[in-house]
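Descriptive analysis of the structure
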Amino acid sequence: MKNKRKRDQPQATIHPRNKYSEKPPDFALLASTYPSFEPFVFYSRDGRPRIDWTDFNATRELTRVLLLHDHGLNWWIPDGQLCPTVPNRSNYIHWIEDLLLSEIIPRPNPCQDNVRGFDIGTGANCIYPLLGASLLGWRFVGSDVTDVALEWAERNVRSNPQISEMIEIRRAGCHARCAQTEDSFAKGSVSSDSNVDQRNLEECYLEPPILCDVLRDGETFDFCMCNPPFFESMEEAGLNPKTSCGGTPEEMVCPGGEKAFISRIIKDSAKLKQSFRWYTSMIGRKTNLKSLIFKLREVGVTIVKTTEFVQGQTCRWGIAWSFVPPVKRIVSTHVSVKKNPSFMLQGVHRQSGAFDVLQSTESFFRSSGASCELNISSFCVDISASKEHLCRILEDNAKCHEGDSGSTNFRISVFQQIPGSVLVKGSLQHKDSSLSGEYLSVFDRLEEVLKDKLCRGRSSNA
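Below is a summary of the structure that appears in this document. (Residues numbered from 1 in each chain as written. Predicted model: local features only at pLDDT ≥ 70, side-chain atom pairs only at ≥ 80, totals over all residues. Heavy atoms only, no water.)

1. Thoughts on helix α15 (residues 436–454)
- Its 19 residues place the ends of α15 27 Å apart at the C-alpha level, agreeing with the 27 Å of an ideal helix rising 1.5 Å per residue.
- Those residues of α15 that sit buried are E438, Y439, V442, F443, L446, E447, L450, K451 and L454.
- Looking at the buried side of α15, the elements it contacts are β10 (342–346), α13 (354–366), α14 (387–394), β13 (407–416) and β14 (421–428). (Helix = DSSP H or I, 4+ residues; strand = E, 2+ residues; numbered from the N terminus. Expected span 1.5 Å × (residues − 1). Buried < 20%, exposed > 50% of the residue type's maximum accessible area, 1.4 Å probe, protein only. Contact = heavy atoms within 4.5 Å.)

2. Some details on the side chain of N125
- Mapped onto the elements of the fold, N125 is located in the loop between β3 (116–120) and α5 (127–136).
- For N125, a relative accessible area of 4% gives the class buried.
- Polar contacts involving the side chain of N125 include one to the main-chain carbonyl oxygen of L82, which spans 3.1 Å. (Polar contact = N/O pair within 3.5 Å; in protein donor to acceptor, adjacent residues only side chain to side chain.)

3. What about the pattern of salt bridges?
- For the structure on display, the rule yields 19 salt bridges.
- The salt bridge partner of E308 is K425, with a shortest N-O separation of 3.4 Å. Here E308, found in strand β8 (residues 303–311), pairs with K425, found in strand β14; they are 117 residues apart in sequence, far enough to count as distant.
- What you see here is one network of salt bridges that share partners, running through R116, E168, R170, R216 and E219. (Salt bridge = Lys/Arg side-chain N within 4 Å of Asp/Glu carboxyl O.)

4. Considerations on the nonpolar core
- Counting residues in hydrophobic clusters, the biggest one holds 54 residues, and the most contacted among them are F37, Y92, W138, I167, F223, M225 and W278.
- If one sorts the elements of this core by residue count, helix α4 (residues 86–102) sits on top with seven residues.
- For W278, the contacting residues outside a window of four places in its chain are L99, L100, I104, I105, D222, F223, C224, I303, K305, A320, W321 and S322.
- Counting 35 residues, the second largest nonpolar core, distinct from the first, contains I266, V301, V310 and I319. (Core = buried A, V, L, I, M, F, W, Y, C linked by side-chain atoms within 4.5 Å.)

Printed below as a string of structure tokens:
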């Protein structure tokens, strides 16, 4: 029972091999060790060292000193480029390591130890190749489309000679092809079939390939990975006032958002098939998982795996698929149904966030007379409720007099996702509780109340 309760804690989904899974970064130690970081550290009323997450310079310096202190890596990015969080990116690396070690699909050469990965949109930060090479000795190709990203990714690789030979940076091929096609039109030297050139140019702008034009003939990789552009506009990307991680339009925005971008990777994977053992991507919205898995079934993949990344109050998901025939029967390709219920609040008012959801959740249960203990540091509310309390919420007085009275204990946890999206998860302490049915009904009622109160387009109609 103790282990089950532990898995309900938010930190349980931080990868166990993540360097920060049990001991988060020590800001006080880093400030005393690195004078450049010290000005960004302040102490809260409870005496804990903190940084201002809305200050890009603070988050960038934190990333720099963490990579140097814990990984021996020299690193920097110019103003405005996307600044990654090291613990979150490490989770993704270790999940891919799990996929490769699982032996769900065979390796072409079992005696080959060198793992080769491909980072789609490596960015100026080049974080995944740097971590993968330094932590696990993997070789990488990182691709990108902008001059600034390519230049600084190269700089970060060259700044670490101990791993520089393990990482290659490439310009995404489609942009080179588009440039050549545009040049042909400009000079009038189009091919004999001008319709082909026009079609190539249109494809580049409407739905350019992501992998196909970057790989060289005969190349194979163990995996590809991607932190896709989550948003459809920079206005959407700027909705979260509580963090500042930078990011250019090329890094943050794609027509159709992350679902459209990952769909293009899926389209490429259907052509490349077993050129990669595993295709993977991070996902910012859980609601996109279902449609993406449907697309993967349509192109005939042999396996789909999903996972959840949690770091602090931030949730992300990972999706992986393969065309390699599995060694043995594996789990089905749908998202596993969890025993603990959850729901997503989409379109949360700009002035609201995870803390407002947490407070509203506490008020929701306190209004029924239930006992609530708010834990701000873990962003959760522990609730002890009797059958009478639950029936009061459900406005079902008749049911209060049926069967055993009893009581139940459960936890509601809140996770801030991308701006405007908050995940709410429930966990029943005793799965065999006689009130589990009422608990699930109350959880559904909580979803209705929070959406009406905090989500755009709902409160006006309530």
